[in-house]
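A structural walkthrough
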Amino acid sequence: MEKTDQSQPKLPNQEIDYFKIAKILLSRWYWIIGALFGCLLAANLYLWYTPKTYATAGTMKFEEKKSELQDIGGLTMSADRANASRIQTEIIVLQSTPLLLNAIKQLDCRISFFVVGRVLNRTTEIYPNKPLDIRLVRFDSLNFFREIVTFKPIDKSTFSISYKNGGKDVRQIYQYNVPFSLGPTAFSIKYPGDIPQTSAFLFKLNAPEDFIGRVRGGFHAGETTKNSNIIALQETDSNPQFAADILNAIMKEYLNYDRAQRALSTTQMIQFIDSQLDILSTQVKGSANSIEKYKQSKKIIDVSSAADQAAGKAKEIDGQLSLLKLELLTINRLRDEVMKEKDNLEVNFTIGDVVQPQLTEFITTLNSLFTQRTISLKTYNNNSQPIQEINKQILQLKNDALNSIDASISLINDKINFLSNQLAPINQQIAEMPAEERDMVSLKRDFDINDKVYSFLSEKKLDAQISSAGILPGATIIDMAQPNLTPVSPDEQSIHKSSVIIGLLIGLGAIILIRILNPFIYDKETIEMLTTVPIIGVIRKFPDVIDEYSSQILAISRPKSIFAESVRSVRTNLSFLASEKTSKIICITSEVAGEGKSFVAVNLSSTLSLIEKRVILIAADLRRSKMHKTFNAPNDLGLSNYLANQCEVEDIIMHSSQEHLDFIISGPVPPNPSELLHTARMVELVDYLRNRYEIVMIDTAPIGLVSDAIPIIRMSDINLFVIRSGKSKFYAATVPQRISQEYHLDNTVIVLNAYAEDLLHSRYYTTKFTGENYGSRYYYYSDYSGYEGSGYYIDEKKRKWWDIRGWFGR
């Protein structure tokens, strides 16, 4: 019947139930356990198959050491290379290819030996062990056999060698201590002693360059604390002994390199002095021989005192001039090096105050900028802003240094000119002497000049040699590296912890994902969230298999089952609807087929007949009704025949085996079912049955598929909309409210059918029935969750031992 709705009811309040959330998550505890087990298994397999990496560490301290020999030498050594960026500079040096190559050469790595593991035939290096004594007969470091060779003993005199050649497997048999060739390489193998014939060793020839990537890739260095002069060095490798040995070799080779770099300037100075001494030595000897020959030829014993005095003055001035010219030569060399931006520039030695005092400072700063640019180029390219800034500073300092050098050259030239002017009158005096004395003085002048310069250079060379002998490296090894047999990778503890977390996330994520992707209604809280149409009851899912046509009416055949009790609960709540009417028209429909409306109609009609209500059940689904199969009746004559004026009411009313329960089947499928249900004969039929029966229950077609049920819905006293748990989608819950609003009905209620507690899909809200509508719009009912073990129902099935969901309901 059509009603006018005066007020729009509101949805009930729903609050989050945290206890229910816990029950939902634990409802699929075996998913979580399975995910945990799978992740732990994967973690253990990963740890089993992944090669282990080991790390060893050493410590070095950078400091300036001064030997007592340097104080004896008296030469000013190069400025300290330890400036603000020294740590970064030395780390780059430690990773440089020449230093690493020299360190690798210190190890016995010409031949590497391996064993084959049981896991995926993975080879493992056994350094430093050498199970075979292999002697290289012919080996070219640039062209040698590089493939892995497999050695297997056969007997005490022979063995087999296997290797790949051009992608093909090759196996040869050789004798011990007899040279054989593999490609360009020839070697022999000494008898290894008694070893099992099943043993197999792999070996490979190497060049030092083959280890550069391996060593550099595992090398790490950095300051122990900020702005300290101590660095920690670390080498990671799959072989802990190799990591320790190569790290120690790198530290030792660095000390050698640093000592050589510090001695470089003195070495260059000694080489320069030696080149000058070679020239002067010849000149000194030649001058001495010329004097002796001249004395013998002229029979001169010595020159006069006046000539000797003039020669002495000339000797002193000539010596100063020669030293100034030597200084001019060295400073010109420095000028060329500054122009070429050569690293490690040095001001080797000076005479008096001829060199500008700022020059040494300029050169030291310039060396520092060269080093800073080298470090920055590891990070930036040549066109980047930081490099451009450094280049500007270098250019400015080069200009300053060149200006200082030019000033020094000008000062030296001024002194040379001054001394030359002083020497001019002396040369005039000597020129006025007798020819024999003049020639003798000239010869002695050449000898004295060369001898003085030779003595000066010899003294400088001795000073440089003393300083070179006293040079100490600018670093000290504090801690030598030791093999560390505890792997740093893979980290077992971290991987196991991560696998547990990932397992929990996968298990819980699967539960959450299934809930998010679920489109179906499973519990009453979901319906209460979607619509204000009240739920009149929840019909439990029958635990056993039900026949397709529900020929066994379970509400009668299994009266003590929890299913029958839930049907009776719906029956009770129906009595409160349209209670003022002595005869009620109840229309049962759903959104789509398969939601159990006919099943609900049959069982609900049966329970109503048990309380001696006169009930008639009408199969008003004229398209695909199966009620005739439920009651085992022929479908030759039914509702469609009556509506088509082919028979009378009494002809279609049938009596069931259940007392007080009659039914009308649908009859043959008509071509126009919707039009028949809209005829006046349908109204006449309902009115006739209303006067004869207390309950007229009409099973209609799904309202979401066809409009056949609309006229029946509008004439009914109660409209029962069936929603099936796990079958009906969320949209189905909104259909009864839309129908009620469209046709202004207030007699629509919902029944949740085939409900079985499934916490996975249940709502985590609890409905709070408060407000003015409570009591008038909502009905008391139970879904019987948690009461299976109460002892009131005889068809209960024992809960399986692993199902922990029942723990929360007891």
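Residues numbered from 1 in each chain as written. Predicted model: local features only at pLDDT ≥ 70, side-chain atom pairs only at ≥ 80, totals over all residues. Heavy atoms only, no water.

Digging into helix α1 (residues 18-27)
What counts is decided by this rule: Each residue gets one of three labels from its accessible area relative to the maximum for its type: buried under 20%, exposed over 50%, partly exposed in between, using a 1.4 Å probe on protein chains only. Helix and strand assignments come from DSSP, with helices taken as H or I runs of at least 4 residues and strands as E runs of at least 2, each series counted from the N terminus. In this description, the arc belongs to the directions extending from the helix axis to the C-beta atoms.
By the burial criterion, the buried members of α1 are Lys-20, Lys-23, Ile-24 and Ser-27. Along the axis of α1, the buried positions cluster into a sector of 100°, meaning they face one direction only.

Observations concerning empty space enclosed by the protein
How we decide: Two kinds of site are reported from a 1 Å grid over the protein atoms alone, namely cavities, where a 1.4 Å probe fits but cannot get out, and pockets, open sets with protein on both sides within 12 Å along at least five of seven lines, and residues are called lining when an atom falls within 4 Å of a point. Grid points are joined across faces, edges and corners, and a volume is the space filled by probe spheres set on the points. Three classes are used, and their members are as follows: Ala, Val, Leu, Ile, Met, Phe, Trp, Tyr, Cys and Pro are nonpolar, Asp, Glu, Lys and Arg are charged, and the others, Gly among them, are polar.
Inspection of the entire model under this criterion finds 4 cavities of 30 Å³ or more. In this model, the second largest cavity occupies a volume close to 60 Å³. Every residue along the wall of the second largest cavity is listed here: Asp-108, Cys-109, Ile-111, Ser-112, Phe-113, Glu-125, Ile-126, Tyr-127, Pro-128, Asn-129, Lys-130 and Phe-211. Per-element tally for the lining of the second largest cavity: the top contributor is strand β3 (residues 111-116), with 3 residues. Considering only residue class, the lining of the second largest cavity consists of 7 nonpolar, 2 polar and 3 charged.

A word on the sheet that holds strand β16 (residues 535-540)
Note the cut-off: A pair of strands is considered paired only if DSSP assigns at least 2 bridges between the two. Contacts are assigned to residue pairs that have any heavy atoms within 4.5 Å of one another. Only the stretch in contact is used when a helix axis is fitted, and all axes are lines through C-alpha atoms; the angle between N-to-C directions ranges over 0 to 180 degrees.
Spatially, β16-β23-β22-β17-β21-β18-β20-β19 is the arrangement adopted by the 8 strands of the open sheet, whose pairing is mixed. At either margin of the open sheet sits one strand with a lone partner, and together these are β16 and β19 (654-655). Judged from the 2 bridges that link them, β19 and strand β20 (residues 661-664) form a sheet pairing that is antiparallel. Each bridged residue has a counterpart across the sheet, and for Met-654 the counterpart in β20 is Phe-663. Where helix α17 (residues 597-610) meets the sheet, its contacts fall on β16, β17 (584-590), β18 (615-619), β20, β21 (695-699), β22 (718-724) and β23 (748-755), and the angle it forms with β21 comes to roughly 165°. With respect to the sheet, helix α22 (residues 680-692) is in contact with β17, β18, β20 and β21, its orientation differing from that of β21 by roughly 145°.

Side note on the packing of helix α5 (residues 97-105) against helix α7 (residues 240-262)
Applicable threshold: Convention used here: angles under 35 degrees read as roughly parallel, angles over 145 as roughly antiparallel, angles from 65 to 115 as roughly perpendicular, and any remaining angle as oblique. Take the far helix as your reference; a near helix turned counterclockwise from it by less than a right angle gives a left-handed crossing, and one turned clockwise gives a right-handed crossing.
Across the interface, α5 lies against α7 with an axial gap of 8 Å and an inter-helix angle of 120°. In terms of orientation, α5 and α7 fall into the oblique class. For the pair α5 and α7, the sense of crossing is right-handed. For the pair α5 and α7, contact is made by Leu-99, Leu-100, Asn-102, Ala-103 and Ile-104 and by Ile-246, Ala-249, Ile-250, Glu-253, Tyr-254 and Tyr-257, respectively.

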